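Commentary on secondary and tertiary structure
Okay, here's what each chain looks like letter by letter:
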Amino acid sequence: MVADLVGSSPGALDVWAADEVGHACVTGEAYRRRPPVETRGWEQVVEVSYRTAKGTLSLVDGRGRSMPNLAAMGPGDYRVRVHIRGRKTVQEHYDAPDATIQLLIMVFPGKEKKPMIYRNYP
């Protein structure tokens, strides 16, 4: 895991959502080229590499429901940029409402292997 948020290996991606049982609001976006980096309004922004031989990257929730395929260009190398907010609130307030955690996951083609931390907790 990079910055305790996202980790990957060929064909596998792990994204931290919450320490406890609850719901998170997750948005997934697929791009054909690298989008600009936006950190304003996010607690953390971390980017990792992801390789898919099958051309799929589908996020699955705890109930087995999945989002549409985010590997828009088929098999190959991708970058996955994960934005999160609300994590600090959930960690500080046990009774935080569901969907306090918000995640934006952007997927786009890219061969860079080195993880990037654009914004991390202070």
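Before going into details, it helps to say that this report is about the structure given with it. Given the structure is predicted, the values throughout are model-derived calculations rather than measurements. (Residues numbered from 1 in each chain as written. Predicted model: local features only at pLDDT ≥ 70, side-chain atom pairs only at ≥ 80, totals over all residues. Heavy atoms only, no water.)

1. Concerning the overall build of the protein chain
Secondary structure summary: the protein chain contains one helix and seven strands in total. Each helix and strand of the protein chain, placed in order from N terminus to C terminus, yields the pattern β-β-β-β-β-α-β-β. In summary, the protein chain has a C-alpha radius of gyration of 14 Å against a globular reference of 14 Å for 122 residues, a match within 12%. For the protein chain, the C-alpha atoms occupy an extent of roughly 40 × 30 × 20 Å along the three principal directions. Across the 122 residues of the protein chain, 35% fall into the buried class. (Helix = DSSP H or I, 4+ residues; strand = E, 2+ residues; numbered from the N terminus. Rg over C-alpha atoms; globule rule 2.2 N^0.38 Å. Buried < 20%, exposed > 50% of the residue type's maximum accessible area, 1.4 Å probe, protein only.)

2. Here we look at the sheet that holds strand β3 (residues 24-30)
Taken in spatial order, the five strands line up as β3-β6-β5-β4-β7 in an open sheet, and their pairing is mixed. Pairing within the sheet leaves two strands with one partner each, and these edge strands are β3 and β7 (116-119). Looking at each pair of strands side by side, their axes are set apart by 20° on average, direction ignored. Sheet topology note: the strand β5 (residues 76-85)/strand β6 (residues 101-109) ladder contains eight bridges and is antiparallel. Note that in β6 the partner of His-83 across the bridge is Leu-104. (Pairing = 2+ DSSP bridges. Axes fitted to C-alpha atoms, helices over the stretch in contact; angles between N-to-C directions.)

3. Here's the deal with the side chain of Ser-49
Turning to its location among the elements, Ser-49 is positioned in strand β4 (residues 44-52). According to the relative accessible area criterion, Ser-49 is buried, its value standing at 17%. Once you skip the residues sitting within four places of it in the chain, Ser-49 turns out to touch Ser-8, Tyr-78, Arg-79, Glu-112 and Lys-113. (Contact = heavy atoms within 4.5 Å.)

4. A word on the packing of aromatic side chains
Evaluated as defined, the whole model comprises zero aromatic pairs. Lying across the ring of Trp-42, Arg-85 places its NZ or CZ 3.8 Å from the centre. (Phe/Tyr/Trp six-rings, centres within 6.5 Å; stacked < 30°, edge-to-face > 60°. Lys NZ or Arg CZ within 6 Å of the ring centre and 35° of its normal.)

5. What about unusual backbone geometry?
What you tend to see is this: most non-glycine residues have negative phi, and most peptide bonds are trans. At Ala-3, a residue that is not glycine, the phi angle is positive and equals roughly 55°. Here Ala-3 is to be found in the segment before β1 (6-9). A residue is classified by how much of its surface remains accessible, and Ala-3, at 23% relative accessible area, is partly exposed. Backbone geometry at Asp-4 places phi at a positive 55°, although glycine is not the residue there. The topology assignment puts Asp-4 in the segment before β1. Residue Asp-4 is classed as exposed on the basis of its relative accessible area, which comes to 54%.

6. With respect to the pattern of salt bridges
Evaluated as defined, the whole model comprises seven salt bridges. Of the charged contacts in the structure, one is a salt bridge between Arg-34 and Glu-47, with a shortest N-O distance of 3.2 Å. Residue Arg-34 is located in the loop between β3 and β4, and its partner Glu-47 is located in strand β4; the two are separated by 13 residues in the primary sequence. Look at Arg-34 and you get partly exposed, because its relative accessible area is 45%. Residues Arg-51 and Asp-77 are paired through a salt bridge, measuring 3.0 Å at the closest nitrogen-oxygen approach. With Arg-51 in strand β4 and Asp-77 in strand β5, this residue pair connects regions lying 26 residues apart in the sequence. (Salt bridge = Lys/Arg side-chain N within 4 Å of Asp/Glu carboxyl O.)

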